[in-house]
Amino acid sequence: MELQFYNTATRKKERFEPLDPQNVRVYTCGPTVYDYAHIGNGRTFSSFDLLFRLLRHVYGEAHVTYVRNITDIDDKIIDRAGERGVGIRDVTDVTTEGFKEDMKGFGLLEPTHEPRATDYLDGMIDMMQKLVDLGHAYEAEGHLLFDVKSDPSYGKFANRSLDDLIAGARVEVAPYKKDPVDFVLWKPSTGNQPGWPSPWGRGRPGWHTECSVMSEQLLGETFDIHAGGVDLIFPHHQNEIAQSTCVHHGAPMANFWLHAGFLEVEGEKMSKSLGNFYTVHDLLKQWPGEALRLAMFTSHYRQFMNFSEHGIRDAKILLDRWYRLTEPAGEVTKADVSEAVVEALADDLNTPKALAELHEIAGKVAKGEERPEVLKASAGLFGLLAQSAEEWFAFRPEGVEVDEARIAELIAARNAARKAKDFAKADAVRDELAAMGIAIKDGPEGTTWELMP
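Cut-offs and rules
- Residues numbered from 1 in each chain as written.
- Predicted model: local features only at pLDDT ≥ 70, side-chain atom pairs only at ≥ 80, totals over all residues.
- Heavy atoms only, no water.
- Helix = DSSP H or I, 4+ residues; strand = E, 2+ residues; numbered from the N terminus.
- Buried < 20%, exposed > 50% of the residue type's maximum accessible area, 1.4 Å probe, protein only.
- Contact = heavy atoms within 4.5 Å.
- Areas by Shrake-Rupley, 256 points an atom, 1.4 Å probe, with all protein chains shown as cover.
- Lys, Arg positive; Asp, Glu negative; His and termini not counted.
- Charge placed at Lys NZ, Arg CZ, Asp CG, Glu CD.
- Salt bridge = Lys/Arg side-chain N within 4 Å of Asp/Glu carboxyl O.
- Pairing = 2+ DSSP bridges.
- Arc of directions from axis to C-beta.
- Core = buried A, V, L, I, M, F, W, Y, C linked by side-chain atoms within 4.5 Å.
- Axes fitted to C-alpha atoms, helices over the stretch in contact; angles between N-to-C directions.
- Right-handed = clockwise from strand over helix to strand, strands pointing away.
- Parallel < 35°, antiparallel > 145°, perpendicular 65-115°, else oblique.
- Nonpolar A, V, L, I, M, F, W, Y, C, P; charged D, E, K, R; others polar.
- Phe/Tyr/Trp six-rings, centres within 6.5 Å; stacked < 30°, edge-to-face > 60°.
- Lys NZ or Arg CZ within 6 Å of the ring centre and 35° of its normal.

1. Here's the deal with the overall build of the protein
Thinking step 1. The helix and strand tally for the protein stands at 16 helices and 15 strands.
Thinking step 2. Along the first, second and third principal axes, the C-alpha set of the protein runs to 90 × 50 × 35 Å.
Thinking step 3. Per-residue burial for the protein yields a buried fraction of 51% across its 453 residues.
Thinking step 4. Partitioning the intrachain contacts of the protein with sequence separation of at least 6 by distance along the chain shows that 74% fall at a separation of at least 24.
Thinking step 5. For the protein, the exposed area adds up to about 20700 Å²; of that, 49% sits on carbon and sulfur atoms.
Thinking step 6. Across the protein, 50 positive and 72 negative side-chain charges occur, with their mean positions spaced 3 Å apart.

Structure follows, in structure tokens:
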């Protein structure tokens, strides 16, 4: 099976060949845990969870190492802790566990490693000292900064010149910098800010150094794939590359760079001021995680996505159908996964094409032309149809109470009215159920019901 991914570093789709097929290594920039992850984060993390699943399918579960870090030291975290009058660990312990629970509810697999930045401070200081020794970093007013002009390739990854980067990027302009684009490796901490000892004084690391060190220590100097949101291309990923390649004498940090596209909500940029800011945590209270997940996959991961409640509703309706179709399915194996679905995903995670293949399989299952196991196993590659039909249909949005005994009573009354050919009464009962938010469906197995989407 040949895999192809669009490589941001080369601006083209390339054949993927891992450095070691026995240990395919992937790193994704994880969350900064000062609050709940928003749905834009959810799109990025679900996209690269799908990548993880595909690589495991192709190379074997034991042969893929996936790292998704936790940034647990950052100015936003410090500010949040200050607002609450607590230490940063009091904030990050709670938000990290909340993030893990939300990703589990979203259907994401646990990564092989989920390192916390504060556990790698010694490695960060060591890398910074090497950059100083090699002439790539300098100290100024308690800060340690990377000297971008010491790296002739700086800006190549972002596909912009230094002048363009300075003009178009939001960089901190400070009098102690040799160049406005020079970025912080280590910054001083005041007495009330968290800090650690270093050769440059008490302080804390810059964000970019954290990922360079965690990826190196867990995956090696050069690994296969580095992934993240498109907003990280500059400055974060450009700066990671600068640090890592300079300290490793030009060795590439990663061979492939994958980036997930931007997400808007109902056609507008997501913003708390606009009232359209959605966290995964809140959405999971109203919708099954698989419905959110499927909605993410309707757009190609590299493309812009318009997230909407209508899209979630459509995904929920589709999954209702697929769960009914696969209810009689037995145990599934890797051999049951459709090759057409795998081939679509092997082409740069082409989820729209892969979902079209799933639609075709579902149609064949409905006609008795395909085994339900094929649909269940193929959807399983997306992290879908991962529970029983009973569990799926048992989902209730938070705050919604359902009187199941009353529903059963009304369905029985409707069936009796239909048997007596009293269709006016049967319609009235259906209307009463609809007013309760209950949709019913008559089928060979009898009358079933579900909450209206």
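From this point, the narrative continues.
2. Here we look at the pattern of salt bridges
Thinking step 1. According to the stated counting rule, one finds 29 salt bridges in the structure shown.
Thinking step 2. Note that Asp-179 is salt-bridged to Lys-149, the shortest N-O span being 3.4 Å. With Asp-179 in the loop between helix 5 (162-168) and strand 7 (183-188) and Lys-149 in the loop between strand 6 (143-146) and helix 5, the pair connects residues that are 30 residues apart, well separated along the chain.
Thinking step 3. Assessed through its relative accessible area of 61%, Lys-149 is described here as exposed.

3. As for the pairing of strand 6
Thinking step 1. Judged by which residues are buried, strand 6 turns out to be covered on both faces: His-143 and Leu-145 on one side and Leu-144 and Phe-146 on the other are all buried.
Thinking step 2. Where strand 5 (residues 137-140) lies against strand 6, 4 bridges are found, and the strand directions are antiparallel. Within strand 6, the position partnered with Glu-139 by the bridge is Leu-144.
Thinking step 3. Hairpin connection from strand 5 to strand 6: 2 residues lie between these consecutive antiparallel strands, with Glu-141 at a positive phi of about 50°.
Thinking step 4. Here strand 6 pairs with strand 7 via 3 bridges, running antiparallel. Following the sheet pairing, Leu-144 is matched in strand 7 by Trp-186.

4. Notes on the sheet that holds strand 11 (residues 263-265)
Paired through their backbone hydrogen bonds, the strands of a sheet run either parallel or antiparallel.
Thinking step 1. Strand order in the open sheet formed by 3 strands is 12-11-13, and the pairing between neighbours is mixed. Unpaired on one side and paired on the other, strand 12 (268-269) and strand 13 (305-307) mark the two borders of the sheet.
Thinking step 2. As paired strands, strand 11 and strand 13 are joined by 3 bridges and run parallel to one another. Note that in strand 13 the partner of Glu-264 across the bridge is Asn-306.

5. Thoughts on helix 2 (residues 75-84)
Thinking step 1. Restricting attention to buried positions, one finds in helix 2 the residues Ile-77, Ile-78, Arg-80 and Ala-81. The buried residues of helix 2 occupy an angular sector of 165° when the element is viewed end-on, so they sit on one face. Every exposed residue of helix 2 that faces more than 90 degrees away from the buried side is listed here: Gly-82 and Glu-83.
Thinking step 2. Considering only its buried residues, helix 2 is in contact with helix 3 (88-105) and strand 8 (203-205).

6. Considerations on the nonpolar core
Thinking step 1. By size, the foremost hydrophobic cluster in this structure holds 118 residues, and its most contacted members are Leu-55, Phe-307, Trp-322 and Phe-382.
Thinking step 2. Looking at which element gives the most residues to this core, the answer is helix 1 (residues 39-59), with 9 residues.
Thinking step 3. Excluding residues within four positions of it along the chain, Phe-382 makes contact with Leu-50, Arg-53, Arg-293, Phe-297, Val-341, Leu-345, Thr-351, Ala-354, Leu-355 and Leu-358.
Thinking step 4. Formed by 8 residues, the second largest nonpolar core is a distinct cluster that contains Leu-410, Ile-411, Ile-440 and Leu-451.

7. Observations concerning the environment of Ala-435
Thinking step 1. Looking at the element boundaries, Ala-435 is found in helix 16 (residues 423-435).
Thinking step 2. Exposure remark for Ala-435: the relative accessible area of 70% places this residue in the exposed category.

8. A few points about the sheet that holds strand 7
Thinking step 1. What the 4 strands build is an open sheet, ordered 5-6-7-8; its pairing is antiparallel. The sheet is open, and its two edges are formed by strand 5 and strand 8, each paired on a single side. Within this sheet the neighbouring strands show an average axis-to-axis angle of 25°, counted without direction.

9. Notes on the pairing of strand 3 (residues 24-28)
Thinking step 1. Among the 5 residues of strand 3, 5 are classified as buried, and the element is accordingly described as predominantly covered.
Thinking step 2. When strand 3 meets strand 4 (residues 64-68), the two strands line up parallel, connected through 5 bridges. Counted as the bridge partner of Val-24 is Val-64 from strand 4.
Thinking step 3. Between the parallel elements strand 3 and strand 4, the chain passes through helix 1 in a crossover that is right-handed.
Thinking step 4. Pairing analysis gives 3 bridges linking strand 3 to strand 9 (residues 223-229), with the strands arranged parallel.

10. Examining the packing of helix 11 (residues 339-346) against helix 12 (residues 351-366)
Thinking step 1. Closest axis-to-axis distance for the helix 11/helix 12 pair is 7 Å, and the angle between their directions is 170°. Classified by the angle between their axes, helix 11 and helix 12 sit roughly antiparallel to one another. For the pair helix 11 and helix 12, the contacting residues are Ala-340, Val-341, Ala-344 and Leu-345 in the first and Thr-351, Lys-353, Ala-354, Glu-357, Leu-358 and Ile-361 in the second.
Thinking step 2. Considering only residue class, the contact of helix 11 with helix 12 consists of 7 nonpolar, 1 polar and 2 charged.

11. Remarks on the packing of aromatic side chains
Thinking step 1. Taken as a whole, this structure holds 15 aromatic pairs when the rule is applied.
Thinking step 2. Ring centres of Phe-16 and Tyr-59 lie 6.4 Å apart, and the angle between their planes is 80°; this geometry places the pair in the edge-to-face category. Residue Phe-16 is located in strand 2 (residues 12-16), and its partner Tyr-59 is located in helix 1; the two are separated by 43 residues in the primary sequence.
Thinking step 3. The interplanar angle of 50° and the centroid separation of 6.4 Å between the aromatic rings of Tyr-27 and Phe-223 together place this pair among those described as tilted. Of this pair, Tyr-27 sits in strand 3 while Phe-223 sits in strand 9, and the two are 196 residues apart along the sequence. For the pair Tyr-27 and Phe-223, a shared accessibility class is recorded, and that class is buried.
Thinking step 4. Each member of the aromatic cluster is reached from another via a ring pair, and the members are Phe-5, Phe-16, Tyr-59 and Phe-256.
Thinking step 5. Taking the ring centre of Phe-52 as reference, the NZ or CZ of Arg-56 above it sits at 5.1 Å.

Function-wise, these values are silent; they only describe arrangement.
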